[in-house]
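Descriptive analysis of the structure
Each chain is listed here by its residues.
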Amino acid sequence: MTFETSGGIFVCPICQNTLLRRERSLVCERRHTFDIAKEGHVNLLRTAGSLHGDNRQMVLSRRAFLEKGYYSHLKEALTNTIASYVKNGALLDSGCGEGYYTEGITSLPNLSVYGIDISSRAAALAAKKPNIKGVAVASAYALPVASGSCDAVMNIFSPFCREEFERVLKSGGYLFNIIPAEKHLWELKAAVYDKPYENKLNPIETEGFRFVEKVAIEKTITLPSQEDIAALMMMTPYFYRTSREGHQRAEALTSIDITASFYLLVYQKL
Ligand SMILES: C[S@@+](CC[C@H](N)C(=O)[O-])C[C@H]1O[C@@H](n2cnc3c(N)ncnc32)[C@H](O)[C@@H]1O
Ligand SMILES: [Zn+2]
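My aim in this report is to walk through the structure given alongside it, one point at a time. Keep in mind it's a predicted model, so treat the numbers as computed, not measured.

Some words on the overall build of the protein chain
Of the regular secondary structure elements, the protein chain holds 8 helices and 12 strands. In terms of C-alpha radius of gyration, the protein chain reaches 19 Å, essentially the compact-globule figure of 18 Å for 270 residues. Each principal axis of the C-alpha distribution contributes one length, and for the protein chain these read about 60 × 35 × 30 Å. The burial tally for the protein chain puts 54% of its 270 residues in the buried class. Taking the intrachain contacts of the protein chain between residues at least 6 apart in sequence as the baseline, contacts between residues at least 24 apart amount to 65%. Accessible area of the protein chain: about 13000 Å², with a carbon and sulfur share of 49%. If you average the places of the 31 positive and of the 29 negative side-chain charges in the protein chain, the two averages end up 4 Å apart.

Things to note about the site of ligand 1
Close contacts around ligand 1 come from 20 residues, with Asp-54, Gly-95, Asp-117, Ala-140 and Ile-156 the closest. Here Arg-62 contributes a side-chain N or O atom positioned 3.5 Å from an oxygen atom of ligand 1. In the environment of ligand 1, a nitrogen atom lies 2.9 Å from a nitrogen or oxygen atom belonging to the backbone of Ile-156. Relative to its free-state accessible area of 600 Å², ligand 1 is covered by the protein chains to the extent of 88%. Of all the secondary-structure elements, those providing two or more residues to the shell around ligand 1 are helix 1 (56-67) and strand 7 (111-117). Of the residues in the shell around ligand 1, the class split is 11 nonpolar, 6 polar and 3 charged.

Focus on the coordination of the zinc ion (ligand 2)
Around the zinc ion (ligand 2), the donor atoms from the protein are Cys-12 (SG), Cys-15 (SG), Cys-28 (SG) and His-32 (ND1), and they sit 2.1 to 2.3 Å away. The site at the zinc ion (ligand 2) holds 4 donor atoms, and with the angles between them running 101 to 119°, its shape is tetrahedral. For the zinc ion (ligand 2), the donor residues sit on a single chain with the sequence spacing C-x2-C-x12-C-x3-H. Here the two residues Cys-12 and Cys-15 agree in accessibility, since each one is buried.

Points about the pairing of strand 8 (residues 134-137)
Residues Gly-134 and Ala-136 line one face of strand 8 and the alternating positions Val-135 and Val-137 line the opposite face, and both faces are buried. The pairing of strand 5 (residues 42-43) with strand 8 spans 2 bridges and is parallel. Considered in strand 8, the bridge of Asn-43 is made with Val-137. Alignment of strand 7 against strand 8, held across 4 bridges, turns out to be parallel. Bridging from a neighbouring strand, Tyr-114 pairs with Gly-134 of strand 8. After leaving strand 7, the chain enters helix 4 (residues 120-127) and then returns to the sheet as strand 8, a path that is right-handed.

Quick look at the sheet that holds strand 9 (residues 150-156)
Taken in spatial order, the 8 strands make up an open sheet running 5-8-7-6-9-10-12-11, and their pairing is mixed. Across the chains shown, the open sheet's two edge strands, defined by having one partner strand only, are strand 5 and strand 11 (209-223). Direction of pairing for strand 6 (residues 89-94) relative to strand 9: parallel, over a ladder of 4 bridges. Paired with Leu-91 across the strands is Ala-152, a residue of strand 9. On the sheet, helix 2 (residues 72-85) packs against strand 6, strand 7, strand 9, strand 10 (169-180), strand 11 and strand 12 (256-269) and is oriented at approximately 15° with respect to strand 12.

Description of the pattern of salt bridges
Evaluation of the coordinates by the stated rule reveals 10 salt bridges. For Asp-194, the salt bridge goes to Arg-249, with nearest N and O atoms at 3.1 Å. Here Asp-194, found in the loop between helix 6 (186-192) and strand 11, pairs with Arg-249, found in helix 8 (residues 244-252); they are 55 residues apart in sequence, far enough to count as distant. Given a relative accessible area of 68%, Asp-194 falls into the exposed group. What you see here is one network of salt bridges that share partners, running through Arg-162, Glu-166 and Glu-205.

Thresholds applied
Residues numbered from 1 in each chain as written. Chains lettered and ligands numbered in written order. Predicted model: local features only at pLDDT ≥ 70, side-chain atom pairs only at ≥ 80, totals over all residues. Heavy atoms only, no water. Helix = DSSP H or I, 4+ residues; strand = E, 2+ residues; numbered from the N terminus. Rg over C-alpha atoms; globule rule 2.2 N^0.38 Å. Buried < 20%, exposed > 50% of the residue type's maximum accessible area, 1.4 Å probe, protein only. Contact = heavy atoms within 4.5 Å. Areas by Shrake-Rupley, 256 points an atom, 1.4 Å probe, with all protein chains shown as cover. Lys, Arg positive; Asp, Glu negative; His and termini not counted. Charge placed at Lys NZ, Arg CZ, Asp CG, Glu CD. Near = heavy atom within 4 Å. Polar contact = N/O pair within 3.5 Å; in protein donor to acceptor, adjacent residues only side chain to side chain. Nonpolar A, V, L, I, M, F, W, Y, C, P; charged D, E, K, R; others polar. Donors = N, O, S within 2.8 Å, 3.2 Å for Na, K, Ca; no water. Tetrahedral: all angles 85-135°; square planar, octahedral: opposite > 155°, others 65-115°. Pairing = 2+ DSSP bridges. Right-handed = clockwise from strand over helix to strand, strands pointing away. Axes fitted to C-alpha atoms, helices over the stretch in contact; angles between N-to-C directions. Salt bridge = Lys/Arg side-chain N within 4 Å of Asp/Glu carboxyl O.

Here you go:
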């Protein structure tokens, strides 16, 4: 169950006070009240509604793809690396999506795992993961999280906000960031584009952090159906930039072997 007695690392987005659980809500001392949805997440976004982030189709196709285990090597490597650095305390998964990678971390002992995502559909799915302490609909650019409350933050294919990650981490806390490597999905790009290009590794801003380690995680995976190829296409950042012909070429594929290649970057807050 999420939010058993309190909001944990989450604070009131209006006055930044601690949140306590009262029946089906989280309440701060100034009585700002946030209802816990039946799925277990809470909306701490200050703007009305949350028509942001990934839409239903994107969330569902990503979930279908991930649940088939194609990226399980990444989940395993991430979980093992985090286990080697963080022995206890609180971990925030910023931009957790439906919680596929978050769930791996919840298997580690002595860690309290929290997630935020700006998409309420994604947050609702993440909140159902067993052992997760709490999930909020929130923006990575204005985390409703107490300063210095986290021993670790993980950020996987979602917006990177250096200032907020630095603020919520304790000094000495770790930041885990996954990025696609140069050759990630190379064969899919070669099949879809006339001139495929390698991913550029844009350096992230890391003021306030010490670089610790870069772990390469790579595997060739076989996608045996058009359905899985279509789901992967939709997960890529270039989905909306692909031409009509490119989409037609992708739709004509019935199976493909692809390189799934990532870097896990580890930083430590100074
Ligand atoms: C490609 S998905 C990755 C999700 C998850 N980390 C995973 O790898 O399965 C990107 C996620 O970032 C979320 N997102 C987009 N903008 C955001 C923001 N400003 N703050 C928090 N989450 C955001 C989306 O809703 C989506 O769930
Ligand atoms: Zn308040």
